[in-house]
Amino acid sequence: MTHIPGIVITGASGRMGQMLIKTVTDSDQARLVGVVERQGHDWIGQDVGEAMGGPALGVLITDDPLEAFAQAQAVIDFTAPEATLEFAALAAQARCVHVIGTTGMSDEQIVALEPASRHAVIVRAGNMSLGVNLLVQLTKKVAAALDEDFDIEVIEGHHHHKVDAPSGTALMLGEAAAEGRGVKLADVSDRGRDGITGARKRGDIGFHAIRGGDIVGEHDVLFAAPGERIVLRHLATDRAIFARGALKAALWGQGKAPGQYDMVDVLGL
Ligand SMILES: NC(=O)C1=CN([C@@H]2O[C@H](COP(=O)(O)OP(=O)(O)OC[C@H]3O[C@@H](n4cnc5c(N)ncnc54)[C@H](OP(=O)(O)O)[C@@H]3O)[C@@H](O)[C@H]2O)C=CC1
Ligand SMILES: O=C(O)C1=N[C@H](C(=O)O)C[C@H](O)C1
């Protein structure tokens, strides 16, 4: 009989936490073995299915991540940067694959994942959907094919609860455009213009963020030259696309060598 990996979901009550719980329980390739929320949350101790307003799932929500991770083969984590750093150390201790969807991590926080990745597999991506990861590849190709006559702007839109900008996806797309052009994003990034900014600098990559209502996630990469424009676009209409990608990453990571991977590795793009 093939072994079915046990999965823990962190940030259980969150928008992605609940979508991930549904995705894992609906799958016949994984088992939900644990669900974590932060200390003091009113879901602690409840059955997660009932807490979500449905039938019992036989999994109680805990505020003890290490105890939960010790029963699992993978942790899927869409929470917040500080929490994700703490979970990375614990997932490494339990030798679990750690799938990180959390965005808004600083460069220092990303570097701080390194010790954990010496002991366990980390798969991290600002967007786990197939469509966006394909768009990243397309962006790199288009940027490599065009010269700096084409101004590159990344425009993203999200729901009004989102706390970080630019989105993780926008940064992935910006990195891809910079890589295609053979430059470092940090040298050309121009974020959210305001006031007397002066004319646009040739070669810059601009970022703009819209926040409103219940937008799940929308990303445009605009290549604008005199006389013509190219727009590469991804529209997410259902968070299930991110959860399906994250589960795929958790399964893909089983048996892989410790280290840091992304969805391009998982999807073989
Ligand atoms: N990579 C991808 O494909 C995607 C990434 N995301 C990213 O996932 C993250 C979560 O998004 P979303 O579900 O919308 O956000 P929510 O705010 O709905 O959920 C976040 C969850 O994380 C928990 N959490 C936050 N801080 C901590 C902490 N310090 N310790 C423990 N738990 C904590 C919250 O608990 P509490 O309610 O108690 O604060 C909540 O349960 C964001 O960074 C978002 O950008 C989202 C979609 C796709
Ligand atoms: O916060 C969100 O909702 C999303 N966050 C990710 C990001 O920052 O790009 C992915 C997706 O767009 C939804």
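Just so we're clear, the structure is a prediction, and the values are computed from it rather than from any experiment.

Scoring rules and cut-offs
- Residue indices follow the written sequence of each chain, beginning from 1 at its first position.
- Whichever chain is written first becomes A and whichever ligand is written first becomes 1, with later ones labelled in order.
- For this predicted model, a pLDDT threshold of at least 70 governs which residues receive local features, and a threshold of 80 or more governs which side-chain atom pairs are given and counted, while totals over whole chains, interfaces and linings are taken from all residues.
- Excluded from the side-chain calculation are hydrogens and water; included are all heavy atoms of the structure.
- Residues forming no salt bridge and having over 30% relative accessible area are the ones grouped into patches, like charges within 9 Å of each other and nonpolar side chains (Val, Leu, Ile, Met, Phe, Trp, Tyr) within 5 Å.
- What sets the accessible areas is the Shrake-Rupley method with a 1.4 Å probe; for residues, cover comes only from the shown protein chains.
- Between Lys or Arg on one side and Asp or Glu on the other, a salt bridge is scored when a side-chain nitrogen of the former is within 4 Å of a carboxyl oxygen of the latter.
- Elements are defined by DSSP. Helices are runs of H or I of four residues or more, strands are runs of E of two residues or more, and each kind is numbered from the N terminus.
- Three labels apply to residues, based on accessible area from a 1.4 Å probe with only protein chains included: buried if under 20% of the type maximum, exposed if over 50%, partly exposed otherwise in between.
- Domain start and stop points were drawn from an automatic or database domain assignment.
- Contacts are assigned to residue pairs with any non-hydrogen atoms lying within 4.5 Å of each other.
- Buried area: the accessible surface (1.4 Å probe) lost by two parts on joining, summed over both.
- If even one non-hydrogen atom of a residue comes within 4 Å of a molecule or strand, that residue is called near it.
- Each polar contact in these results corresponds to two N or O atoms within 3.5 Å; when the atoms are within protein, one needs to be able to donate a hydrogen and the other to accept it, and residues that are neighboring in sequence are counted only if both atoms are side-chain atoms.
- UniProt positions are given in the numbering used here, feature names are shortened, and annotations may be inferred rather than shown by experiment.

What about a nonpolar patch on the surface?
Right, on to step 1. A contiguous nonpolar surface patch, about 340 Å² in accessible area, is contributed by Leu130, Leu134, Leu138 and Leu269.
Right, on to step 2. Summarising the element assignment, Leu138 is placed in helix α7 (residues 130–145).
Right, on to step 3. Classification of Leu138 by relative accessible area gives partly exposed; the value is 41%.

Here's the deal with the domain arrangement of the protein chain
Right, on to step 1. For the protein chain, the domain assignment lists domain 1 (6–128 + 239–267) and domain 2 (130–236).
Right, on to step 2. Here domain 1 and domain 2 have C-alpha centroids that lie 28 Å from each other.
Right, on to step 3. Counting residues at the interface gives 13 residues for domain 1, matched by 14 residues for domain 2.
Right, on to step 4. Both sides together, the interface formed by domain 1 and domain 2 hides about 1,100 Å², and carbon and sulfur atoms give 58% of it.
Right, on to step 5. Considering only the side of domain 1, the residues that lose the most area to domain 2 are Arg15, Asn127 and Arg239, jointly responsible for 40% of the buried surface there.
Right, on to step 6. The interface formed by domain 1 and domain 2 holds zero salt bridges in total.

Describing the site of ligand 2
Right, on to step 1. Taken together, Thr103, Gly126, Asn127, His158, His159, Lys162, Ser167, Gly168, Thr169, Val216, His219 and Phe242 make up the full set of residues adjacent to ligand 2.
Right, on to step 2. Note that an oxygen atom of ligand 2 is positioned 2.8 Å from one of the side-chain N or O atoms of Lys162.
Right, on to step 3. When ligand 2 sits alone it has 320 Å² of accessible area, and the protein chains cover 85% of it.
Right, on to step 4. The two domains that each donate at least three residues to the shell around ligand 2 are domain 1 (6–128 + 239–267) and domain 2 (130–236).

Looking at the UniProt feature "domain: Dihydrodipicolinate reductase C-terminal" (unreviewed entry) in the protein chain
Right, on to step 1. Feature annotation in UniProt places "domain: Dihydrodipicolinate reductase C-terminal" (unreviewed entry) on residues 131–267, given in this structure's numbering.
Right, on to step 2. Here residues 131–267 runs as 37% helix and 28% strand, with 11 Å between its end C-alpha atoms.

Some points on unusual backbone geometry
Generally, phi is negative for residues other than glycine and the peptide bonds are trans, each holding for most cases.
Right, on to step 1. Omega for the peptide link from Ala165 to Pro166 comes to -10 degrees, which places this bond in the cis form.
Right, on to step 2. Looking at the secondary structure, you find Pro166 in the loop between β7 (151–158) and α8 (168–181).
Right, on to step 3. One non-glycine residue, Arg95, adopts positive backbone phi at about 55 degrees.
Right, on to step 4. Along the chain, Arg95 turns up in the loop between α4 (81–93) and β5 (97–100).
Right, on to step 5. Using a relative accessible area of 53% as the deciding quantity, one classes Arg95 as exposed.

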